[in-house]
Amino acid sequence: MNKEIRSDNDRLLLQSFAGGDESAITVLIERHRKKVYNYILMLVKDRQTADDLFQETFIKVINSLRSGRYAENGKFISWVLRIAHNQVIDHFRGGRKPAHITSEDAGYDILNNKKLADPNIEEEMIHDQIEQDVRNLIDHLPVEQREVVVLRHYFDLSFKEIAQQTGVSINTALGRMRYALINLRKLIDEKQIAFA
């Protein structure tokens, strides 16, 4: 139910933005900033690269919305994550750093908006130790397995959505999750981590 309410709110904000309300995009970006940034960071494991890819992702989102290329056929966050996924894939394929784009190029100043600034120190320090241990373990997984775990457990996507997002079959997505869980169990045993 909560997801439905958020989805409806996203839809209303998208309609407001399409109607000329520039502040609606700020609310949308702020709402999904943490999820999108963490998704990118967990895949690239480098804050500078994640910052660049995050900025490029939302510039593409804004430009797509402005040019009317967004077709509402699913959840807004799934669409944004698909764009982020493609940015990460392009980064790994090209072995290059993303181009730096100015706020004038984007037509919107994403990173200098006070509401969208990096989380403060208190927010960064508030991490449960178990969550940190799990994230550290996930970082040791191969990229394909890590991606499925992140999309499933942190973004609550179905395996069908994961398959669509990553461009593989549902069986491949399920197989990657199976191997990820096997590898996580091995890592827990090797590192003798107790979750209690």
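All of these numbers come straight from a predicted model, not from anything done at the bench.

**Student:** Explain the overall build of the protein chain residue by residue, including any values.
**Tutor:** Of the regular secondary structure elements, the protein chain holds 10 helices and 0 strands. Reading the secondary structure of the protein chain in the N-to-C direction produces α-α-α-α-α-α-α-α-α-α. The buried share of the protein chain, taken over its 196 residues, is 38%. About 11,600 Å² of surface is accessible on the protein chain, with carbon and sulfur atoms providing 50% of the total.

**Student:** An account of the pattern of salt bridges is needed here, citing residue identities and associated values.
**Tutor:** As enumerated under the stated definition, the model contains 3 salt bridges in all. A salt bridge links Arg-66 to Glu-22, with the shortest nitrogen-to-oxygen separation between them at 2.8 Å. Residue Arg-66 is found in helix α3 (residues 47-66), and its partner Glu-22 is found in the loop between α1 (2-18) and α2 (23-44); the two are separated by 44 residues along the sequence. For Glu-22, a relative accessible area of 38% translates into the label partly exposed. The partner of Glu-161 in a salt bridge is Lys-75, with the nearest N and O atoms 3.7 Å apart. Remark: Lys-75 occurs in the loop between α3 and α4 (76-94) and Glu-161 occurs in helix α9 (residues 159-166); sequence separation between them is 86 residues.

**Student:** So what about the packing of helix α8 (residues 143-154) against α9? Which residues, and what values?
**Tutor:** Orientation of α8 relative to α9, taken along the N-to-C sense of each, is 135 degrees, at an axis distance of 10 Å. Between α8 and α9, the angle falls in the class oblique. Crossing geometry of α8 relative to α9 is assigned as right-handed. Within the contact between the two elements, α8 uses Glu-147, Val-148, Leu-151 and Arg-152 and α9 uses Phe-159, Ile-162, Gln-165 and Thr-166. A class-by-class count of the residues in the contact of α8 with α9 yields 4 nonpolar, 2 polar and 2 charged.

Reading the values: the criteria
- Residues numbered from 1 in each chain as written.
- Predicted model: local features only at pLDDT ≥ 70, side-chain atom pairs only at ≥ 80, totals over all residues.
- Heavy atoms only, no water.
- Helix = DSSP H or I, 4+ residues; strand = E, 2+ residues; numbered from the N terminus.
- Buried < 20%, exposed > 50% of the residue type's maximum accessible area, 1.4 Å probe, protein only.
- Areas by Shrake-Rupley, 256 points an atom, 1.4 Å probe, with all protein chains shown as cover.
- Salt bridge = Lys/Arg side-chain N within 4 Å of Asp/Glu carboxyl O.
- Axes fitted to C-alpha atoms, helices over the stretch in contact; angles between N-to-C directions.
- Parallel < 35°, antiparallel > 145°, perpendicular 65-115°, else oblique.
- Left-handed = near helix turned anticlockwise from the far one by under 90°.
- Contact = heavy atoms within 4.5 Å.
- Nonpolar A, V, L, I, M, F, W, Y, C, P; charged D, E, K, R; others polar.

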